[in-house]
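Now for the letters of each chain:
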Amino acid sequence: MQKFTVAALLGAAMLAVPAPALAQEAGDIQLKVFATGVLPDGKIDEVISTTLPLPAGTQAKAKDNWVPTIAAEYFVTKTISVETICCVTQHDVVGDGALPATAGLVSDVKIIPATLTVKAHANLGAIKPYIGIGPSLYLFIDEKPGNAMTGFGATKLDISNKVGVAFQVGADVPLGEKFFLSVDAKKYILRPTATWTNAAGTTILETKHKLDPLVVSFGVGMKF
């Protein structure tokens, strides 16, 4: 899947849109509706324990997904805001390196990326860039072993809910006093642990993963 960059999206928005004012004040609320690409890494950072004959060079890769998201933002001052997002994304994790891409490790795991960032805004006229940082809690729901792991007897998979950090950069491009285009990118640093067990409750594989998703969004917003 092609990975859009914030710079490319922002450049297209600036070419298409004039530069009317969008002035924020303390107490303003902004809502944004995005198309969001969740582009995780998913590499195995550490094999904690295993009873499987894993070949040298065993690796994993998480598949990308595009989902709708909503962001809500509150301006504490004219230039400082706090923002949270709402979405659910679903992913598979498959083999990489010495493992074939057809080797399913994780099937259809649903992720809720609960995130709160503090953002600092600048005003460059036609464009209002920002940077942000904040904590995230990744909640993993309904995770299931993939086909390769069920072939080795795995009947259950548990991926640990994990606290991480999100780094954010983006910009709003005014369409008037109330509406604007928005592009946004977040890079998460996250190291969850995945544990596959068999019907007897015995762990057959436990791994720590470098999930570290890049989350790229573009859409429209409204100021209240």
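Residues numbered from 1 in each chain as written. Predicted model: local features only at pLDDT ≥ 70, side-chain atom pairs only at ≥ 80, totals over all residues. Heavy atoms only, no water.

A. Expanded view of the overall build of the chain. Tallying secondary structure elements over the chain gives 2 helices and 15 strands in all. Dimensions of the chain, computed from C-alpha atoms along their principal axes, come out at roughly 60 × 30 × 20 Å. Burial analysis of the chain (224 residues in total) assigns 45% to the buried set. Pairs at least 24 residues apart make up 72% of the contacts formed inside the chain by residues separated by at least 6 positions. (Helix = DSSP H or I, 4+ residues; strand = E, 2+ residues; numbered from the N terminus. Buried < 20%, exposed > 50% of the residue type's maximum accessible area, 1.4 Å probe, protein only. Contact = heavy atoms within 4.5 Å.)

B. Structural detail: the layout of surface pockets. Roughly 190 Å³ of volume is contained in the largest pocket. Lining the largest pocket are 16 residues, and of these Leu54, Leu99, Leu105, Met149 and Phe152 sit closest to its centre. Elements supplying a minimum of two residues to the lining of the largest pocket: α2 (147-151) and β14 (203-210). Among the elements that make up the lining of the largest pocket, the one with the highest residue count is β14 (3 residues). Residues belonging to the lining of the largest pocket are distributed by class as follows: 13 nonpolar, 3 polar and no charged. (1 Å grid on protein atoms, 1.4 Å probe; cavity = no way out; pocket = protein on both sides within 12 Å on 5 of 7 lines; lining within 4 Å. Points joined across faces, edges and corners; volume = space filled by probe spheres on them. Nonpolar A, V, L, I, M, F, W, Y, C, P; charged D, E, K, R; others polar.)

C. Seen up close, the packing of aromatic side chains. Counting across every chain of the model gives 3 aromatic pairs. When the ring of tryptophan 66 is compared with that of phenylalanine 218, the centres are 6.5 Å apart and the planes differ by 65 degrees; the resulting orientation is edge-to-face. Here the residue tryptophan 66 occupies a position in strand β4 (residues 65-75), and phenylalanine 218 occupies one in strand β15 (residues 214-223), the gap between them amounting to 152 residues. On the basis of relative accessible area, phenylalanine 218 is assigned to the partly exposed category, the value being 34%. Centre to centre, the rings of tyrosine 138 and phenylalanine 140 are 6.4 Å apart; their planes meet at 50 degrees, and the pair counts as tilted. What makes tyrosine 138 buried here is its relative accessible area of 3%. Cation over ring: lysine 119 sits above tyrosine 130, and NZ or CZ is 3.7 Å from the ring centre. (Phe/Tyr/Trp six-rings, centres within 6.5 Å; stacked < 30°, edge-to-face > 60°. Lys NZ or Arg CZ within 6 Å of the ring centre and 35° of its normal.)

D. Molecular detail of the confidence of the model for the chain. Taken residue by residue, the chain gives an average pLDDT of 91. The fraction at 70 or more is 90%. This model gives residues 1-19 a pLDDT under 50, and the stretch forms 29 contacts once residues within four places in sequence are excluded. (pLDDT = per-residue confidence, 0-100.)

E. Region of the structure containing the nonpolar core. Residues Leu105, Val106, Tyr138, Phe140, Met149, Ile159 and Trp196 are the most contacted members of the largest nonpolar core, which totals 29 residues. When residues of this core are traced back to their parent elements, those giving at least two are β1 (29-39), β3 (58-62), β4, β7 (104-121), β8 (128-141), β10 (156-159), β13 (193-197) and β14. Looking at this core, the element that brings in the most residues is β7, giving 4 residues. Apart from the residues within four sequence positions on either side, leucine 105 is in contact with Ala60, Val93, Val94, Gly95, Lys144, Pro145, Gly146, Met149 and Trp196. (Core = buried A, V, L, I, M, F, W, Y, C linked by side-chain atoms within 4.5 Å.)

F. Representation of the state of the cysteines. Within the structure shown, the criterion is met by 0 disulfides. In this structure cysteine 86 is a free cysteine whose sulfur lies 7.0 Å from that of cysteine 87, the closest cysteine sulfur available. We classify cysteine 86 as exposed; its relative accessible area is 55%. Accessibility expressed as a relative area gives 10% for cysteine 87, which makes it buried. (Disulfide = S-S within 2.5 Å.)

G. Focus on empty space enclosed by the protein. Evaluation of the coordinates by the stated rule reveals 3 cavities of 30 Å³ or more. Each pocket or cavity is described by its volume, and for the largest cavity that value is around 150 Å³. Taken together, 15 residues make up the lining of the largest cavity; nearest its centre are Val93, Phe140, Ile159, Pro192 and Leu211. Looking at the lining of the largest cavity, the elements with two or more residues in it are β6 (89-97), β7 and β13. Per-element accounting of the lining of the largest cavity gives the leading share, 3 residues, to β7. For the lining of the largest cavity, the per-class residue count stands at 11 nonpolar, 4 polar and no charged. Secondary-structure elements contributing two or more residues to the lining of the second largest cavity are β1, β7, β12 (179-189) and β15. Ranked by residue count, the leading element in the lining of the second largest cavity is β1, at 3 residues. The residue makeup of the lining of the second largest cavity, split by class, is 9 nonpolar, 4 polar and 1 charged.

H. Quick peek at the pairing of β15. Of the pairings in the sheet, the one linking β1 to β15 comprises 10 bridges and is antiparallel in character. The residue of β15 that forms the bridge with valine 33 is valine 220. (Pairing = 2+ DSSP bridges.)

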